[in-house]
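# Secondary and tertiary structure notes
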Amino acid sequence: MSLGALVTIDLHRGHLDPEVATLALPAERSSRLLADVVPFTDRLRAHGIPVIHIITEYRDAEESLTNPFWRRHHDDPLSSRKQMTRHNLAESPGTELMPGLYKKGDVVVRGKKRYDAFLGTDLEFVLRSHRIHRLYLAGVNTNSCVLATAIGANVRDFDVAIIQEGVSTMDSWTLHEASLKIVETAFGRVLGMDDVLRECVIGDGM
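Source: prediction; values computed, not measured.

Time to look at the sheet that holds strand E3 (residues 107–112). Ordered in space as E3-E2-E1-E4-E5-E6, the 6 strands form an open sheet in which the pairing is parallel. Looking at which strands have only one partner, the edges of the open sheet turn out to be E3 and strand E6 (189–191). Here the average twist between neighbouring strands, direction ignored, is 25°. Summarising the sheet, strand E1 (residues 4–9) and strand E2 (residues 51–56) pair through 4 bridges and their orientation is parallel.

Quick look at the nonpolar core now. Counting residues in hydrophobic clusters, the biggest one holds 29 residues, and the most contacted among them are Leu44, Tyr136, Ile163 and Val196. Those elements that place two or more of their residues in this core are helix H2 (27–46), strand E4 (134–140), strand E5 (159–168) and helix H8 (193–202). For valine 196, the residues in contact, after removing those within four places along its chain, are Phe40, Leu44, Tyr136, Ile163 and Leu191. In this structure, Val7, Val109, Leu135 and Leu137 belong to the second largest nonpolar core, which totals 26 residues.

At their nearest, the axes of H2 and H8 sit 11 Å apart, and the two run at 10° to each other. The pairing of H2 with H8 is recorded here as roughly parallel in orientation. In contact with Asp36, Val37, Phe40, Arg43 and Leu44 of H2, H8 contributes Met193, Val196, Leu197 and Cys200. Taken together, the residues of the contact of H2 with H8 break down into 7 nonpolar, no polar and 2 charged.

As a further point, take helix H7 (residues 173–186). For H7, with 14 residues, the first-to-last C-alpha span of 20 Å sits near the 20 Å given by 1.5 Å per residue. For H7, the complete set of buried residues consists of His176, Ser179, Leu180 and Val183. Seen along its axis, H7 keeps its buried residues to an arc of 100°; they face one direction. H7 presents Thr174 and Thr185 as exposed residues on the side facing more than 90 degrees away from its buried surface.

Below, the discussion takes up the pairing of E2. Taken across its 6 residues, E2 has 6 buried, putting it largely inside the fold. Relative to E3, E2 runs parallel, the two being bridged by 5 bridges. Following the sheet pairing, isoleucine 55 is matched in E3 by arginine 110.

Let us now look at the pattern of salt bridges. The tally for this structure, following the rule as stated, stands at 18 salt bridges. Between arginine 134 and glutamate 199 there is a salt bridge, with the nearest N and O atoms lying 3.3 Å from each other. One end of the pair, arginine 134, is in strand E4; the other, glutamate 199, is in helix H8, and 65 residues separate them in sequence. Take arginine 134: its relative accessible area is 2%, and that puts it in the buried class. Residue glutamate 199 is classed as buried on the basis of its relative accessible area of 12%. A salt bridge links arginine 198 to aspartate 195; the nearest nitrogen and oxygen atoms lie 2.4 Å apart. Residue arginine 198 and its partner aspartate 195 are located together in helix H8, separated by 3 residues, close to a single helical turn. With relative accessibility at 47%, the residue arginine 198 sits in the partly exposed group. What emerges from the salt-bridge pattern is a single network uniting Asp42, Arg45, Lys103 and Asp106.

Basis of the calculations
Residues numbered from 1 in each chain as written. Predicted model: local features only at pLDDT ≥ 70, side-chain atom pairs only at ≥ 80, totals over all residues. Heavy atoms only, no water. Pairing = 2+ DSSP bridges. Helix = DSSP H or I, 4+ residues; strand = E, 2+ residues; numbered from the N terminus. Axes fitted to C-alpha atoms, helices over the stretch in contact; angles between N-to-C directions. Core = buried A, V, L, I, M, F, W, Y, C linked by side-chain atoms within 4.5 Å. Buried < 20%, exposed > 50% of the residue type's maximum accessible area, 1.4 Å probe, protein only. Contact = heavy atoms within 4.5 Å. Parallel < 35°, antiparallel > 145°, perpendicular 65-115°, else oblique. Nonpolar A, V, L, I, M, F, W, Y, C, P; charged D, E, K, R; others polar. Expected span 1.5 Å × (residues − 1). Arc of directions from axis to C-beta. Salt bridge = Lys/Arg side-chain N within 4 Å of Asp/Glu carboxyl O.

Next comes the structure, spelled out in structure tokens:
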């Protein structure tokens, strides 16, 4: 049986806490996502499933603005990413996980600087060293960081699944749905929470 882990992507205050968020999800999406993910995470832990949290964090604004696309959008007052220079700077409140997500024994991988959570972090080292081959992804944004990480996992030969109720976006819901379809077509599976629980508890022989 393939050992799996839950990987949460950017479930930090910088996206989900309206008091400090710099790239904020709509409040109703944030509330709904946390209401689903927090108890689900507890249920997985109860069955011995490892939980890994990925957090975006920049030393300074230039670490994000070296990306030409992000610099272009930073200068566009109509862009949803126009506050990139303020987003999740080191030691800012935005880099804190939302309350209830972290429990003792979880692994936290900080310093994600691009959409793909593998790039420039030790995520792959953590997974390989713990013999984790299957990833269940939750987090934001479906159409950027979740999508890129699912692709990154696929090309590294991990078995990847996106948890349907466990992802959301600050962008249009059309992009959210399209991203799930892209993953399901070419890179991995899209599973409901109940399906993930059944797979983790019963196993599928892989």
